[in-house]
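# Coordinate analysis (summary)
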Amino acid sequence: MTTIAKLLAQKQRLLERLPEDPGPHERKEIERLLADAALNQLDE
C-alpha cells in the first residue's frame with residue numbers, strides 16, 4: 001500500500017468517527033491525529 005493510500009485510509013477512519021458525536025476531548029484527539037498523520041507521512 002502506498003503512503004498516500006495509508007494516509008487516506010487513516011483519514012477516512014478518523015472522519016467516520018466524527019459524526020458519532022465524540023466528546024470534546026475525543027474530538028480534539030481526532031483532529032490532532034489527522035494533523036499528525038499528514039506531518040508524519042512527510043518523513044517517510
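For the structure, check the block above.
Residues numbered from 1 in each chain as written. Predicted model: local features only at pLDDT ≥ 70, side-chain atom pairs only at ≥ 80, totals over all residues. Heavy atoms only, no water.

## Some details on the overall build of the protein
Filter applied, for reference: Helix and strand definitions follow DSSP, with helices as H or I runs of at least four residues and strands as E runs of at least two, each counted in order from the N terminus. Categorising residues by exposure relies on relative accessible area from a 1.4 Å probe, with only protein chains included: less than 20% of the type maximum marks a residue as buried, more than 50% marks it as exposed, and the intermediate range marks it as partly exposed. Exposure was quantified through the Shrake-Rupley algorithm and a 1.4 Å probe, taking into account, for residues, occlusion by the shown protein chains and nothing else.
Helix and strand counts for the protein come out as two helices and zero strands. Across the 44 residues that make up the protein, the buried fraction comes to 14%. On the protein, roughly 3,600 Å² of surface is accessible, and the fraction owed to carbon and sulfur atoms is 56%.

## Some thoughts on the pattern of salt bridges
Put simply, the rule reads: A pairing counts as a salt bridge when a side-chain nitrogen of Lys or Arg comes within 4 Å of a carboxyl oxygen of Asp or Glu.
Tallied over the full model, the rule gives two salt bridges. Note that glutamate 26 and arginine 17 form a salt bridge whose closest N and O atoms lie 2.8 Å from each other. In this structure, the salt-bridge partner of arginine 32 is glutamate 29, at a minimum N-O distance of 2.6 Å. On the criterion of helical spacing, the pair formed by arginine 32 and glutamate 29 is a turn pair, its members being three residues apart in helix 2 (residues 24-43).

## Concerning unusual backbone geometry
Where the residue is not glycine, phi is negative for most of them; where a peptide bond is considered, it is trans in most cases. Even without being glycine, aspartate 21 reaches a positive phi, approximately 55 degrees. Relative to the helices and strands, aspartate 21 is located in the loop between helix 1 (3-17) and helix 2. The class of aspartate 21 is exposed, set by a relative accessible area of 63%.

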